[in-house]
Amino acid sequence: MVAISHSDIVKAPKALLHDHLDGGLRPETIIELAAEIGHELPATDPEALGAWFVAAADSGSLERYLETFAHTVAVMQTPAALHRVAKECALDLAADGVVYAEVRYAPEQHLEHGLSLDDVVEAVNAGFVEGCEEAAALGRPIRVGVLLTAMRHAARSQEIAELSVRFRDQGVVGFDIAGAEAGFPPTRHLDAFEYLQRENFHFTIHAGEAFGLPSIWQAIQWCGADRLGHGVRLVDDIAGGEVLGRLAAYVRDKRIPLELCPSSNVQTGAAASIAEHPIGLLHDLRFRVTVNTDNRLMSGTSMSREMALLSEAFGWGWAELQWLTINAMKSAFIPYDERLAIINEVIKPAYAKLLG
Ligand SMILES: O=c1[nH]cnc2c1ncn2[C@H]1C[C@H](O)[C@@H](CO)O1
Ligand SMILES: [Zn+2]
């Protein structure tokens, strides 16, 4: 089967659940914002800076991959910068044909110039509102939901969980924990997760990326995660590519969504290549698989590019791309009727035409 081209995929509606705001800045924007505050960058030409991020993140280790965020976080410390980055994020995703996106970031990393947590969330939300309005005016409507992340090595998860609930009717649709996984198990933040469950709120947990099954098991069975951020190491519980262990079976039976991020996983060493990425097996075994960008800047990627790479590696056609898109939409944190409306009114009609 001939792979579907990147340009055709751009025209199809797509849904994205795992994209970091501080991992998706335009290189030009970083350069301008850095100049305003005197932050020194490893390159000052947009193309060279973009290439630097991809090369530096291509390290084979999550810890080294995460070091590159020092430069993006440094330039996201004022309301104007946060507003701009969020607005451009919405516009860039919309231009790529993403119709629904959940974008996450850690408010606690944006307090260096004296902002409060609420200031940060308000600035980002306003940026997203403006970006979505502009995208709609350009004929590229997109809905963006925000996930607030707490850093797993820090100790602010309860505070960030409360912040998420406080802004639940103003664009924040969920909570997450991120950062280095080894040595920082999800149960460190059990209080926050229990609080969120009592509040009937939604959350995902980065788990099973740089650490294996115990992290996934804790995220699901101790913390009650609705979805798994990555979850790619779940394959360690699938013997010989076909026999599911108890945990893998539970995840599949309960239809727990996997937010898989192929290019990011290759960079951090969680997968050897796109062709060898466990997404092929997980798709064949009918897990609730979704495709995501993780960090567009660090991976030099986009939602359409991730799908094009998968189409090429696994021979996936429009039927598979529709399946992935509907999986993502079914797994979104917005209300059920709103998810259904996007599936029935936007996604299915567009793919019906593509499927011919
Ligand atoms: O893939 C990831 N795994 C763990 N942490 C991550 C990943 N991508 C980004 N982060 C971290 C770095 C960011 O500064 C933070 C909030 O978006 O989340
Ligand atoms: Zn991530």
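Keep in mind that what you see is a predicted model, and the values were worked out from it rather than measured. (Residues numbered from 1 in each chain as written. Chains lettered and ligands numbered in written order. Predicted model: local features only at pLDDT ≥ 70, side-chain atom pairs only at ≥ 80, totals over all residues. Heavy atoms only, no water.)

Turning to helix 3 (residues 46-57), a few remarks are in order. End to end, helix 3 covers 17 Å across 12 residues, agreeing with the expected 16 Å (1.5 Å per residue, within 8%). Residues of helix 3 that are buried: Leu49, Gly50, Phe53 and Ala57. Across the axial projection of helix 3, the buried residues extend over an arc of 100°, all falling on one side. Exposed side of helix 3, more than 90 degrees from the buried face: Glu47 and Ala55 are the residues found there. On its buried side, helix 3 packs onto helix 2 (27-37), helix 4 (62-67), helix 5 (69-74), helix 12 (262-268) and helix 14 (296-299). (Helix = DSSP H or I, 4+ residues; strand = E, 2+ residues; numbered from the N terminus. Expected span 1.5 Å × (residues − 1). Buried < 20%, exposed > 50% of the residue type's maximum accessible area, 1.4 Å probe, protein only. Arc of directions from axis to C-beta. Contact = heavy atoms within 4.5 Å.)

Counting residues in hydrophobic clusters, the biggest one holds 116 residues, and the most contacted among them are Leu21, Phe128 and Phe287. Per-element tally for this core: the top contributor is helix 6 (residues 79-95), with nine residues. Once residues lying within four places of it in the same chain are set aside, the contact partners of Leu21 are Met76, Val85, Ala86, Cys89, Val103, Arg104, Tyr105, Val124 and Phe128. (Core = buried A, V, L, I, M, F, W, Y, C linked by side-chain atoms within 4.5 Å.)

Within the protein, the zinc ion (ligand 2) binds to His18 (NE2), His20 (NE2), His206 (NE2) and Asp294 (OD); these donor distances fall in the range 2.1 to 2.2 Å. Given the relative accessible area of 6%, His206 is considered buried. (Donors = N, O, S within 2.8 Å, 3.2 Å for Na, K, Ca; no water.)

Our next topic: the sheet that holds strand 2 (residues 98-105). With parallel pairing, four strands are arranged side by side in an open sheet as 1-2-3-4. Sheet topology places strand 1 (14-20) and strand 4 (172-178) at the edges, where each strand pairs with a single neighbour. Averaged over all pairs of adjacent strands, the angle between their axes in this sheet comes to 25°, without regard to strand direction. Sitting on the sheet, helix 16 (residues 318-330) is in contact with strand 1 and strand 2, with an inclination near 60° to strand 1. (Pairing = 2+ DSSP bridges. Axes fitted to C-alpha atoms, helices over the stretch in contact; angles between N-to-C directions.)

Around ligand 1 sit 16 residues, and of these His20, Asp22, Gln109, Glu209 and Asp294 come closest. A distance of 3.0 Å is found between an oxygen atom of ligand 1 and a side-chain nitrogen or oxygen belonging to His230. The contact in question runs from a nitrogen atom of ligand 1 to an N or O atom on the side chain of Asn295, over 3.0 Å. Protein coverage of the free-state accessible area of ligand 1, which is 400 Å², stands at 99%. Of the residues assigned to the shell around ligand 1, the class counts are seven nonpolar, six polar and three charged. (Near = heavy atom within 4 Å. Polar contact = N/O pair within 3.5 Å; in protein donor to acceptor, adjacent residues only side chain to side chain. Areas by Shrake-Rupley, 256 points an atom, 1.4 Å probe, with all protein chains shown as cover. Nonpolar A, V, L, I, M, F, W, Y, C, P; charged D, E, K, R; others polar.)

Any functional reading would require information beyond the geometric quantities listed.
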